[in-house]
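# Observations on the three-dimensional arrangement
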Amino acid sequence: MKIAVEGCMHGELDNVYATLLHIQEVEKIKVDLLICCGDFQAIRNERDLESLNVPAKYRHMNTFHKYYSGEKAAPIPTIFIGGNHEASNYMWELYYGGWAAPQIYFLGMAGVVKFGNVRIGGISGIYNRHDYYSGHYEKLPYNEKDIRSIYHVREFDFYKLMQLEEPIDIFMSHDWPLGITSCGDLQNLLRRKPFFEQEIREGILGNRAAAELLDKLKPFHWFSAHLHCKFSALVQHGENGSVTKFLALDKCLPGRNFLQIVDIPSEMGPYELQYDEEWLAITRKFNPAFPRTRYRANFGDAKLDIQDCRHFVRNKLQMRGGKPFEFVRSAPCYNPGQPVSKRFPFGVGHCRNPQTEALLQLLELQYVLDDSSIMKEPSPFPARGSLDFRSEDIPIDDVEEDEDEVDEET
C-alpha cells in the first residue's frame, strides 16, 4: 500500500491533491491513501472562520469548502488529525471521528481506524501543561481564551489511547513527541532551526504525553508536523525491541518538504475505511467518564468491563458492518453571493452532527458534547505561574512564516 504523508495542510487541498496526481502520473504509481498530520483547516463557511485561531491575515476560506459542498471530489481517500489551527467548532462536532467531507475522514480528537488491514491511530491538538488535566470545558461561542485552549490535548484522550493492546501500524500527532530529536540527526536540525536549541536543552520541545504513548504503543510509523520542517528519526524500543520510524514534514508551500510517499506492507486492495473494534470498545467503556467541565476526568466512572464492551462492539459491527456512517452536511456551504445573516439566522451554537449521533446510538452511549451543565470553577490542577492566553505557552508555536522564505532543505 502506498500512503502519502502530508505535514501541515493549512487548507491547501487543491495544491496537495494536484501534487499527488502529478506524482502518480510522472512516477506511474497509484497512491492509495493520503494522511495529514494537522492544521488541516476544514473551513466550510465564514462562520467556521470565527473558530479558527490564526492571525487575521491568515483567516481565509482556502479550498476545503469546495470538497465539503461537492464542487470538487477528493481524488484520493484522505485521513487527517487536527492541529492548533482548525475550525474547532466543526472538529468538536466530530469528536469521535467522521467524514468532514466525502472521502475526507477526520480521525477525531483521538481515534483509531483501519484502512484495509493497516491500523491507523492519532491524537489531535497540541500539548499545553496548563490544560492537560482539564476536561473538555469549552463551549460555543469561544471567547479569546477558549479558542486557544480547545485544541490543547487532554489526559482523557491520551488515557484512552494508552489502553490499546493490539499493534498499531501508523500513528499521527500534530506536535512532536518530547525527546524525539535525540533519535535523529540533531545537528542537521539545529543548522536549519537554531532557535530549537534552547527548548531541546530545557527538555520542553515536544509533547510529553505523546512520548509516553510512543513508548507504550511502539507503532511501526509515527508521523507529525507543527514545527514546519522535515525531520526523521529511528526510535529503538529496548535493546532488542522493535523500531518506530518517525517522520515530521513541513507545511504546503513551494520548495518545502511537505509530502512524502511511504510503502506500507498490507494485503491486496481494494481498500476501504473501517471502524476499529478495539477502539470502539474503549470508547464505549470510557464515555461515561467524559469530562465536560474544567475538572479532571474521574476514570472510576468507567465501570463497564472492557471484554464485555469488546463483545458488544463485535456483535454490533457484525450486524451493521464496519464502514463509518455516511457523510452528512451539518452547516451551510460557503456562498459568497449570499449574505451571512441569511445563512446563519440562529446565531452561534453547538450543532449535533448526524454522524456523531449515529455512532453513539450504535454504541448505546449518551450524547455529552453539548452538556449544558458546564462548570467554570478553576481547575483542581492549577498551573504554576501566570499564563498569557494571547500566545501559546509551548516552546515553539506553529507561527506562520514569511511566505517568501525558502527552506534550506533540498
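In this report, the structure presented in the accompanying data block is examined. Please read these numbers as outputs of a predicted model, since none were measured by experiment.

## A look at helix 10 (residues 277–286)
Where burial is concerned, most of helix 10 is hidden: 10 out of the 10 residues are buried. Of all the residues in helix 10, the buried ones are E277, E278, W279, L280, A281, I282, T283, R284, K285 and F286. Here helix 10 starts with a cap whose side-chain oxygen sits 3.3 Å from the backbone nitrogen of E278, and that cap is D276.

## A closer look at the sheet that holds strand 2 (residues 33–36)
A sheet is described by the order of its strands in space; here six strands give the open sequence 4-5-3-2-1-12, paired in mixed fashion. At either margin of the open sheet sits one strand with a lone partner, and together these are strand 4 (98–101) and strand 12 (259–263). With strand direction ignored, the average angle separating the axes of adjacent strands in the sheet is 30°.

## Focus: the packing of helix 10 against helix 11 (residues 306–320)
Helix-helix packing is characterised by the crossing angle of the two axes and by the distance between the axes. Contact pair helix 10 / helix 11: the axes reach a minimum separation of 8 Å and the direction vectors enclose 125°. When the axis of helix 10 is compared with that of helix 11, the two are oblique. Judged by the twist between their axes, the crossing of helix 10 over helix 11 is right-handed. Listed contacts from helix 11 to E277, E278, L280, A281, I282, R284 and K285 of helix 10 are I306, C309, R310, F312, V313, R314 and L317. Among the residues forming the contact of helix 10 with helix 11, the class breakdown is eight nonpolar, no polar and six charged.

## Concerning the sheet that holds strand 13 (residues 273–275)
What the seven strands build is an open sheet, ordered 10-11-9-8-7-6-13; its pairing is mixed. The two strands at the open ends of the sheet, each matched to only one other strand, are strand 10 (231–236) and strand 13. Between one strand axis and the next, the sheet turns by 25° as a mean value, whatever way the strands run. Strand direction decides the pairing type here: strand 6 (residues 110–115) and strand 13, joined by three bridges, are antiparallel. Looking at the pairing, V113 lines up with Y275 of strand 13.

## Side note on the nonpolar core
If you look at the biggest cluster of nonpolar residues, it comprises 126 residues, and the most contacted ones within it are F64, I79, Y90 and I104. Excluding its chain neighbours within four sequence positions, the residues that come into contact with F64 are G11, L13, F40, Q41, A42, I43, R44, Y90, A100, A101 and I104.

## A look at helix 11
Taking 1.5 Å of rise per residue, the 15 residues of helix 11 would be expected to cover 21 Å, and the 21 Å separating its terminal C-alpha atoms lies within 8% of that figure. Three or more residues of helix 11 are buried, namely C309, R310, F312, V313, K316 and L317. Seen along its axis, helix 11 keeps its buried residues to an arc of 165°; they face one direction. Among the exposed residues of helix 11, those oriented more than 90 degrees off its buried face are Q307, D308, Q318 and M319.

## Remarks on the side chain of R154
Looking at where R154 falls in the secondary structure, it is placed in the loop between helix 5 (146–149) and helix 6 (155–161). Residue R154 is classed as buried on the basis of its relative accessible area of 0%. Within the structure, the side chain of R154 is placed 2.8 Å from the backbone oxygen of H152, a separation counted as a polar contact. Those residues in contact with R154 that lie beyond four places of it in its chain are D131, Y132, S134, G135, H136, Y137, E138 and S149.

Each value, and the rule that gives it
Residues take numbers from 1 onward in each chain, read along the sequence in its written order. Thresholds applied to this predicted model are a pLDDT of at least 70 for local features of residues and 80 or more for the giving and counting of side-chain atom pairs; totals over whole chains, interfaces and linings are not thresholded and use all residues. Side-chain metrics rest on all non-hydrogen atoms present in the structure, leaving aside hydrogens and water. Think of it in three bands: with a 1.4 Å probe and only protein chains considered, a residue is buried below 20% of the maximum accessible area for its type, exposed above 50%, and partly exposed in between. We count a stretch as a helix when DSSP gives it H or I for four or more residues in a row; a strand needs E for two or more, and each element gets its number in order from the N terminus. N or O atoms within 3.5 Å of each other form a polar contact, as long as, within protein, one can give a hydrogen and the other can take it, and as long as residues adjacent in sequence are counted only when both atoms are side-chain atoms. Think of it this way: DSSP has to see at least two bridges between two strands before they count as a pair. Between N-to-C directions, angles span 0 to 180 degrees; the directions come from axes that are lines fitted to C-alpha atoms, helices contributing only their stretch in contact. To sort the angles, those under 35 degrees are grouped as roughly parallel, those over 145 as roughly antiparallel, those from 65 to 115 as roughly perpendicular, and the leftovers as oblique. Helix crossings fall into two classes, left-handed where the near helix is turned counterclockwise from the far one by less than a right angle and right-handed where it is turned clockwise. Note on contacts: a residue pair is in contact if any heavy atoms of the two residues lie within 4.5 Å. Any residue that is not Ala, Val, Leu, Ile, Met, Phe, Trp, Tyr, Cys, Pro, Asp, Glu, Lys or Arg is counted as polar, Gly included; the first ten are nonpolar and the last four charged. For this analysis, a nonpolar core means a set of buried residues of the types Ala, Val, Leu, Ile, Met, Phe, Trp, Tyr and Cys, connected via side-chain atoms within 4.5 Å. Multiplying 1.5 Å by the residue count of a helix minus one yields the expected span of that helix. What the arc measures is the spread of directions leading from the helix axis to the C-beta atoms.

By themselves, these observations are geometric and do not establish any function.
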